[in-house]
Amino acid sequence: VDRWAMDPDKKDRTALIFEKGDTVETYTYLQLRDRSVQWANLLDRYGFESEDRLFVFLPPCPQIYFALLACARIGALFCPIYATSTFDEVSVRIEDAAPKGILTHPDLAEMLPADTQETAEFVFLIEGPLPNLFPSEILIEGIPQQMPTEFSNVYLPPRSPLYLSYTSGSTGPPKGVVHTHDDMKGILSTATYVLDLREDTILWVDADPAWVTGMVYGVLAPWLCGATALVQGDPFEPANWYWTLEKHQVSVWYTTPRTLNRLKEAGGNLASRYDISHLRHMASVGALLVPDLFYWAKQHLGRSPHDTYWMTETGMICLANFPSMDIKPGSIGRPVPGVTAAILDEGGDPMPPLSLGELALKPGWPAEMAGLWGDEARYQAYFNDKGWFMTGDIAIMDDEGYYFHQGRNDDLIKAGGHKVIGP
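Residues numbered from 1 in each chain as written. Predicted model: local features only at pLDDT ≥ 70, side-chain atom pairs only at ≥ 80, totals over all residues. Heavy atoms only, no water.

Caption draft 1: Examining the layout of surface pockets more closely. Looking at the largest pocket, its volume works out to about 1,300 Å³. In this structure, the largest pocket is lined by 45 residues; those nearest its centre are T167, S168, M311, E313 and R408. Each residue belonging to the lining of the largest pocket can be placed in one class, and the counts come to 18 nonpolar, 16 polar and 11 charged. Taken as a whole, the second largest pocket spans an internal volume of roughly 890 Å³. Lining the second largest pocket are 22 residues, and of these V1, A72, H181, M184 and L224 sit closest to its centre. Only helix 1 (2–5), helix 3 (62–74), helix 6 (184–193) and helix 7 (212–225) provide two or more residues apiece to the lining of the second largest pocket. With 4 residues, helix 3 is the largest single contributor of residues to the lining of the second largest pocket. Within the lining of the second largest pocket, the residues separate by chemical class into 16 nonpolar, 2 polar and 4 charged. (1 Å grid on protein atoms, 1.4 Å probe; cavity = no way out; pocket = protein on both sides within 12 Å on 5 of 7 lines; lining within 4 Å. Points joined across faces, edges and corners; volume = space filled by probe spheres on them. Nonpolar A, V, L, I, M, F, W, Y, C, P; charged D, E, K, R; others polar. Helix = DSSP H or I, 4+ residues; strand = E, 2+ residues; numbered from the N terminus.)

In structure tokens form, the structure reads like this:
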């Protein structure tokens, strides 16, 4: 952000567009730099240091992104939580990571456990009135804007923690996945070669900022590229999604098969009412993009969606259908440069093409997770005894190196000595 903000020719380029209801807020790179510096000074005032945790429990709003950059400047860990989280989901995360502070809204404060003040020193409220649930409540409405716009960024080793993202496992409590500042190399490369981001790109990732996709590719990726990040804070409505693409002249859209399916259910006629001619690239993530949905999008949206594959634990896109390569509908693509993938048998050895097995990655790719918060044993369980990272996903690789997702390892059963995917 500072790189673009300090460039006289680029400082006034739009870095962030935030829309919710009838309100549209835009921030240039210089404004984003100044706001995040003010927020860093705010955290510094309350004693935040390297590796302190700041939980952000908010619906989509610009303050989330100011706080994210402030944590990056000061060395603290940023941890977003879905605003729709239940009381128990919030409680287990607070208990696990013991944040120094929680940034939230009065409407969500009642979802915090009663003993929050025993763990978090501060409960920051972005607006009033204060709910008066905790003695540690601090109303910061209007305060960051009064802070200085100069701050000495804390420089850290590349593998220092940057953010903490919780993901639910098939068994056990949620896992706090730790990612580092060094992830930026992998995010930048995949933003460039998978999402085709350029400095004139307007990127819309229609994902909640608490989902790793919404943070990593929603804002970090475009800001690394000097592009514009668009955030839509309203809930999904087919017409509003099309209108967002048209109104903001979105050039790259990163969405999910679930969203595409909901657009499909709304009918192809609705899509024809909107001008989305500025859209030059479209990618998907989060579930398998089945051929039927691929062809529907190609016909009614005029673009071929490029499916991608990654996990919270991988920190970046690991397999993808690049803009430059032929798409095989139903495939999650090929490994991106810097990633070595294989299909392993039950003994942990790579298998030949067209074999059904578990998708594995060779450790060492850019953006690989640094660990699980406070749970080394669970982290080590990701790796087999031959050094592969086991994704838990079942897949097949064809003879041209394209991978096809077949389900989760939990769905794999044996019938008559043969491996099959259960219902």
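Caption draft 2: Looking closely at the side chain of T259. Topologically, T259 is positioned in helix 9 (residues 257–266). Given the relative accessible area of 9%, T259 is considered buried. Leave out the neighbours within four places in its chain, and T259 touches D206, F236, W241 and W253. (Buried < 20%, exposed > 50% of the residue type's maximum accessible area, 1.4 Å probe, protein only. Contact = heavy atoms within 4.5 Å.)

Caption draft 3: Looking closely at the packing of helix 3 against helix 7. Put simply, helix 3 and helix 7 touch, their axes get as near as 12 Å, and they point 65 degrees apart. When the axis of helix 3 is compared with that of helix 7, the two are roughly perpendicular. As helix 3 runs across helix 7, the sense of the crossing is right-handed. On helix 7, the residues touching Y65, L68 and L69 of helix 3 are M215, V219, L220 and W223. (Axes fitted to C-alpha atoms, helices over the stretch in contact; angles between N-to-C directions. Parallel < 35°, antiparallel > 145°, perpendicular 65-115°, else oblique. Left-handed = near helix turned anticlockwise from the far one by under 90°.)

Caption draft 4: Examining the state of the cysteines more closely. In this structure the tally under the stated criterion is 0 disulfides. For C225, which is in no disulfide, the shortest distance to another cysteine sulfur is to C318 and amounts to 17 Å. (Disulfide = S-S within 2.5 Å.)

Caption draft 5: Molecular detail of the pairing of strand 9 (residues 175–180). Most of strand 9 is tucked away, with 6 of its 6 residues classed as buried. Burial of the side chains of strand 9 extends over both faces: K175, V177 and H179 are buried on one face and G176, V178 and T180 on the other. By the bridge criterion, 6 bridges tie strand 8 (residues 161–167) to strand 9 in an arrangement that is antiparallel. For P161, the partnering residue across the bridge sits in strand 9 and is T180. Bridge count between strand 9 and strand 19 (residues 371–372): 2 bridges; the pairing is antiparallel. Across the sheet, V177 pairs through a bridge with L372, a residue of strand 19. (Pairing = 2+ DSSP bridges.)

Caption draft 6: A look at the packing of helix 6 against helix 7. Closest axis-to-axis distance for the helix 6/helix 7 pair is 9 Å, and the angle between their directions is 85 degrees. As judged from the angle between their axes, helix 6 and helix 7 are roughly perpendicular. Residues M184, I187, L188, T190, A191 and T192 of helix 6 lie in contact with helix 7, whose contacting residues are V216, Y217, L220, A221, L224 and C225. Residues of the contact of helix 6 with helix 7, tallied by class, amount to 10 nonpolar, 2 polar and no charged.

Caption draft 7: Structural view of the pairing of strand 21 (residues 403–408). Relative to strand 21, strand 20 (residues 389–397) runs antiparallel, the two sharing 5 bridges. In the strand pairing of strand 21, A395 is matched with H405. Hairpin connection of strand 20 to strand 21: 5 residues between the antiparallel strands, including G401 at a positive phi of 85 degrees.

Caption draft 8: Looking closely at the packing of aromatic side chains. Applying the stated criterion to the full structure yields 20 aromatic pairs. Over the aromatic face of W4 sits the side chain of R3, whose NZ or CZ is 5.9 Å from the ring centroid. (Phe/Tyr/Trp six-rings, centres within 6.5 Å; stacked < 30°, edge-to-face > 60°. Lys NZ or Arg CZ within 6 Å of the ring centre and 35° of its normal.)

Caption draft 9: View of the sheet that holds strand 1 (residues 14–20). Spatial ordering of the open sheet is given by 2-1-11-10-12-13-14-15-16, a layout of 9 strands whose pairing is mixed. Among the strands making up the open sheet, the edge pair consists of strand 2 (23–28) and strand 16 (334–335). In terms of strand pairing, strand 14 (residues 306–309) meets strand 15 (residues 319–320) through 2 bridges, oriented antiparallel. The partner of T308 across the bridge, within strand 15, is A320. Helix-sheet contacts for helix 8 (residues 238–247) involve strand 1, strand 2, strand 10 (202–205), strand 11 (228–232) and strand 12 (252–255), and the interaxial angle to strand 11 is about 155 degrees. Strands in contact with helix 9 are strand 12 and strand 13 (281–284); relative to strand 12, the strand with the most contacts, it is inclined by about 100 degrees.

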